Amino acid sequence: MENETVTFERSIAERIKHLRMQGNLTLDQLASASGVSRAMISRIERGEASPTAALLARICAALGLSLSGFFAENEDAISPLVKKQDQQTWQDPDTGYVRRAVSPPRVGSDVDIVEVNLPARAKVSFPPHAASQSMTQYVWLLEGNLEMTTGNQVHRMTSGDCLFMPVGDGHTFHNPSDVPARYAVVLDQRKR
């Protein structure tokens, strides 16, 4: 498992560098567009640092991708079925949140489904970003409690609740309880 994690982290680093170079962006340009320091992007690209969920989301937005799009493009095979054991997972090194890509990648759909396990008392914030302004998402709480902040609105959710919201406005996922929260995010990436 540890070798898989190291390999996956290396593929994240290589993908960021590849996308930056493909977009003819310097480190300074990507730093300016994402709000992430040049030094941090350089460390991530060299595999010396693992990006947090918030940092990776900001870098992806500056590259014109969602997190789901970033991870899906890393997949080689196209199949309408993806078995649970083959669904890609990623753990945020800052909060310990675990993100699992549930939907089959690269099948031509604009909709992605992600399952997230957010540890007790953890909080993950995603700043507003223009590249995702037209995207929307549903957050469906499967287990636990969740406080969702979008703009200046706070939505307190319990198991079974579902919240619709724009992606690009920025938001915070907060688990205020002493037990993990598990939720699904259904992301619609269609440009409106």
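Residues numbered from 1 in each chain as written. Predicted model: local features only at pLDDT ≥ 70, side-chain atom pairs only at ≥ 80, totals over all residues. Heavy atoms only, no water.

Okay, the sheet that holds strand 9 (residues 171–174) next. Spatially, four strands are ordered 4-9-6-7 in an open sheet, and the strand pairing comes out antiparallel. Each edge of the sheet is formed by a strand with only one pairing partner; in this case those strands are strand 4 (123–126) and strand 7 (153–158). Pairs of neighbouring strands in the sheet enclose a mean axial angle of 15 degrees, with direction left out of account. Of the strand pairs in this sheet, strand 6 (residues 145–150) and strand 7 are connected by six bridges, and their pairing is antiparallel. Within strand 7, the position partnered with Asn 145 by the bridge is Thr 158. (Pairing = 2+ DSSP bridges. Helix = DSSP H or I, 4+ residues; strand = E, 2+ residues; numbered from the N terminus. Axes fitted to C-alpha atoms, helices over the stretch in contact; angles between N-to-C directions.)

Another aspect to go through is unusual backbone geometry. With a phi close to 55 degrees, Asn 24 is a non-glycine residue in the positive phi region. Looking at where Asn 24 falls in the secondary structure, it is placed in the loop between helix 1 (2–22) and helix 2 (27–34). The class of Asn 24 is exposed, set by a relative accessible area of 65%. Phi at Arg 121 takes a positive value of approximately 65 degrees, unusual for a residue other than glycine. You can see Arg 121 is positioned in the loop between strand 3 (111–118) and strand 4. (Buried < 20%, exposed > 50% of the residue type's maximum accessible area, 1.4 Å probe, protein only.)

Take the packing of helix 2 against helix 4 (residues 53–62) next. For the pair helix 2 and helix 4, the least separation of the axes is 8 Å and the interaxial angle reads 110 degrees. One finds that helix 2 runs roughly perpendicular with respect to helix 4. Contacts from Leu 30, Ala 33 and Ser 34 of helix 2 reach helix 4 at Arg 58, Ile 59 and Ala 62. For the contact of helix 2 with helix 4, a count of residues per class yields four nonpolar, one polar and one charged. (Parallel < 35°, antiparallel > 145°, perpendicular 65-115°, else oblique. Contact = heavy atoms within 4.5 Å. Nonpolar A, V, L, I, M, F, W, Y, C, P; charged D, E, K, R; others polar.)

What follows is about the nonpolar core. Counting 40 residues, the largest nonpolar core has Leu 56, Phe 70, Tyr 97, Val 139, Leu 146 and Tyr 183 as the members making the most contacts within it. With six residues, helix 4 is the single largest residue contributor to this core. Not counting residues up to four positions away in its chain, the partners in contact with Leu 146 are Leu 118, Val 139, Leu 141, His 155, Arg 156, Met 157, Phe 173, His 174, Asn 175, Pro 176 and Tyr 183. (Core = buried A, V, L, I, M, F, W, Y, C linked by side-chain atoms within 4.5 Å.)

This brings us to the packing of helix 2 against helix 3 (residues 38–45). As a packed pair, helix 2 and helix 3 sit with axes 8 Å apart at the nearest point and diverge in direction by 115 degrees. One element, helix 2, and the other, helix 3, form an angle in the roughly perpendicular class. Here helix 2 and helix 3 pass one another in a crossing that is right-handed. The residues of helix 3 that touch helix 2, namely those facing Leu 27, Asp 28, Leu 30, Ala 31 and Ser 34, are Arg 38, Ile 41, Ser 42 and Glu 45. In terms of residue class, the contact of helix 2 with helix 3 is built from four nonpolar, two polar and three charged. (Left-handed = near helix turned anticlockwise from the far one by under 90°.)

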